[in-house]
Each structure stands twice: as structure tokens, then as C-alpha cells.
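Summary of structural features
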Amino acid sequence: VCAAAVGIYFGATAATKEPSVVYGHAQYVIDIDDPREVSGFVDFVFVGKVEKENGIKYEAVYNRETVSGAKTTGNPYTGYDITVMENVKGDLKTNDTMLFWKSGGLSMDGKYITLQEEDFLPEAGQVYMFYANAWEDGTLRILGKGGNVQLAESRPAQQTTGQGNSALVQQAAQNERNSVAQSPLYQELVEACENEIPYQRERFTAPAALLEAPAE
């Protein structure tokens with residue numbers, strides 16, 4: 001969806017040890033602010049809960065010379081373990097936790113975080129409407145801007161033991177689903193997906209292990 005990065009600027013940060021944020025300006029082949037077009041571009045639209053961040057990888061890695069010497073850099077992708085709560089488009093396994101990648105994250109030197117303009121990274125314990133694609137290499141990737149729209153505030157589930165605690169966890173999960181279903185934003189995004197504007201492009205299939213088995 002990102003045709004070309006054409007510039008970056010530094011976001012303001014407090015005088016702390018936290019990395020600065022670098023935002024990249026991008027051009028898109030769709031109207032990234034229209035959820036109908038975004039839905040038509042992606043392979044999967046689903047409600048998901050972020051369980052935890054799970055690693056980072058770098059693509060298009062290269063070396064360049066700087067005033068302080070050679071520097072290795074690349075495009076970061078941050079991994080997330082996400083539980084699929086409900087499919088709106090596509091057939092990912094529901095109630096399964098699987099790895100997704102999102103463009104953006106900590107630079108290789110650890111000095112800054114790169115993001116597309118107006119984008120943000122998901123947080124553990126939060127519930128979002130996700131827009132994702134299957135890639136040729138078998139990975140699932142969340143779009144940049146507009147790829148994760150927050151639907152509900154929650155906290156990561158605590159590890160519990162015993163039947164009583166398990167029941168409480170299940171009830172909390174159901175309450176969370178009910179809260180999402182009643183959200184006007186959720187209803188708006190579902191309606192947009194139902195009225196998607198298809199985009200013709202090369203598409204790939206997600207690994208069978210991540211998909212619901214077809215009905216016999």
C-alpha cells in the first residue's frame with residue numbers, strides 16, 4: 001500500500017532516554033483514510049487482541065558511510081502475538097494466537113523508532129480492528145497507517161490456575177467481546193468492510209495452519 005517514502009521528520013520527545021520517533025511520509029495507491037478502500041485492499045480484516053510483542057526483524061539492510069564511520073541500517077518490522085477474536089473478512093483461525101508483523105519499530109542502532117506518518121504501534125493487552133495481508137514468504141503483515149484501529153481498552157490477561165480462575169478469564173473475554181460488538185466504531189468498520197471497494201493486485205495465500213478448515 002505504500003508506494004514510496006518521500007521524507008522523514010523527528011517527533012518531539014521528552015528529555016528522557018526513550019528513543020526519538022522518526023515519522024516517514026508515504027504515498028498510497030488507495031485512500032488510506034477510507035476503510036472501504038482499505039478493506040478492499042487487504043486479505044484479512046479481524047478483531048484481535050495483542051498478547052505481547054514478539055521480536056523485531058530488519059529488511060532491506062545495507063551499509064552506509066557516516067561521519068562517525070560505517071553504519072548498518074534497515075527497515076524494522078515489529079512482531080506481535082495476536083489472538084484472533086472475530087473475522088470480518090478472511091478465514092483466520094479464531095481464538096488462536098499467531099504472529100503478525102508490522103512495519104515500524106526500533107532502529108538497528110536502538111536510537112529511534114520509525115513509523116509511517118500518523119501511524120502507531122499496537123500495545124499488549126489492547127483490542128484492535130486489524131487490516132492485514134498474506135505475503136509471499138508466508139508471513140502475515142499488518143498495514144502501516146490505518147492497519148490497527150483501537151476498539152477497546154483492556155489489560156493483559158493474568159496467568160491463573162484452577163477451574164474458578166479459568167471461568168473468570170473466560171467471562172472477562174466474553175465481556176470484552178460484548179463491549180467491542182456494541183462499539184459504534186466497530187459497527188462502522190464492519191459496515192465499511194461489507195461495502196468494500198475492491199483493489200486488483202497480486203495476492204498470496206496464508207499458511208493453511210493459520211486458516212479455518214473449509215466446511216465439508
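The present account deals with the structure reproduced in this document. (Residues numbered from 1 in each chain as written. Predicted model: local features only at pLDDT ≥ 70, side-chain atom pairs only at ≥ 80, totals over all residues. Heavy atoms only, no water.)

Turning next to the overall build of the protein. Broken down by element type, the protein carries three helices and ten strands. What you see in the protein, going N to C, is helices and strands ordered as β-β-α-β-β-β-β-β-β-β-β-α-α. By sequence separation, contacts in the protein at least 24 residues apart represent 67% of the contacts at least 6 residues apart. Carbon and sulfur atoms make up 50% of the accessible area of the protein, which amounts to about 12,400 Å² in all. (Helix = DSSP H or I, 4+ residues; strand = E, 2+ residues; numbered from the N terminus. Contact = heavy atoms within 4.5 Å. Areas by Shrake-Rupley, 256 points an atom, 1.4 Å probe, with all protein chains shown as cover.)

What follows concerns the packing of aromatic side chains. This model, assessed by the stated rule, comprises five aromatic pairs. Members of the aromatic cluster, connected to one another through ring pairs, are Phe46, Phe100, Phe120, Tyr128 and Phe130. (Phe/Tyr/Trp six-rings, centres within 6.5 Å; stacked < 30°, edge-to-face > 60°.)

Turning our eyes to something else, we now look at the nonpolar core. One recurring pattern in soluble globular proteins is that nonpolar side chains are buried together. Core analysis: the biggest nonpolar cluster contains 19 residues, and Val47, Met129, Tyr131 and Leu151 have the highest contact counts within it. Taken together, the elements giving at least two residues each to this core come down to helix H1 (35–41), strand S3 (44–66), strand S8 (127–134), strand S10 (148–152) and helix H3 (184–194). When residues in this core are grouped by element, the largest group, four residues, is from H3. Apart from residues no more than four positions distant in its own chain, Met129 is found in contact with Val45, Phe46, Val47, Val88, Gly147, Asn148, Val149, Leu151, Tyr186, Leu189 and Val190. Core analysis: the second largest hydrophobic core is formed by 17 residues, Phe44, Val50, Phe100 and Leu211 among them. (Core = buried A, V, L, I, M, F, W, Y, C linked by side-chain atoms within 4.5 Å. Buried < 20%, exposed > 50% of the residue type's maximum accessible area, 1.4 Å probe, protein only.)

Phi at Ala60 is positive, roughly 55 degrees, even though this residue is not glycine. On the accessibility criterion, Ala60 (55% relative accessible area) is exposed. Phi is positive for Asn95, close to 65 degrees, though the residue is something other than glycine. Following the sequence through the fold, Asn95 ends up in the loop between strand S4 (69–89) and strand S5 (97–103). Look at Asn95 and you get exposed, because its relative accessible area is 53%.

Within the secondary structure, Ala134 is located in strand S8. Separated by 69 residues in sequence, Ala134 and Arg203 have C-alpha atoms that sit 7.4 Å apart. Contact partners of Ala134, with chain neighbours within four places excluded, come to Asp43, Phe44, Thr139, Leu140, Phe204, Thr205 and Ala206.

For the rest of this paragraph, the subject is H3. Every buried residue of H3 is listed here: Tyr186, Leu189, Val190, Ala192 and Cys193. When H3 is viewed along its axis, its buried side chains cluster within an angular range of 160 degrees and face the same direction. H3 presents Pro184 and Glu194 as exposed residues on the side facing more than 90 degrees away from its buried surface. You can read the cap of H3 off the contacts: a side-chain oxygen lies 3.2 Å from the backbone nitrogen of Leu185, and it is on Ser183. (Arc of directions from axis to C-beta. Polar contact = N/O pair within 3.5 Å; in protein donor to acceptor, adjacent residues only side chain to side chain.)

Another aspect to go through is the pairing of strand S7 (residues 112–116). With five bridges connecting them, strand S2 (residues 20–28) and S7 associate as parallel partners. Bridge assignment links Val21 to a residue of S7, and that residue is Ile113. Of the strand pairs in this sheet, strand S6 (residues 105–106) and S7 are connected by two bridges, and their pairing is antiparallel. Across the sheet, residue Gly105 finds its bridge partner in S7, namely Thr114. (Pairing = 2+ DSSP bridges.)

In this section: the environment of Lys102. Examined against the element boundaries, Lys102 turns out to sit in strand S5. A relative accessible area of 0% places Lys102 in the buried class. Ignoring anything within four residues of it in the chain, the contact list for Lys102 reads Pro76, Tyr77, Thr78, Tyr80, Asp119, Phe120, Leu121, Pro122, Ile142, Leu143, Gly144 and Asn148.

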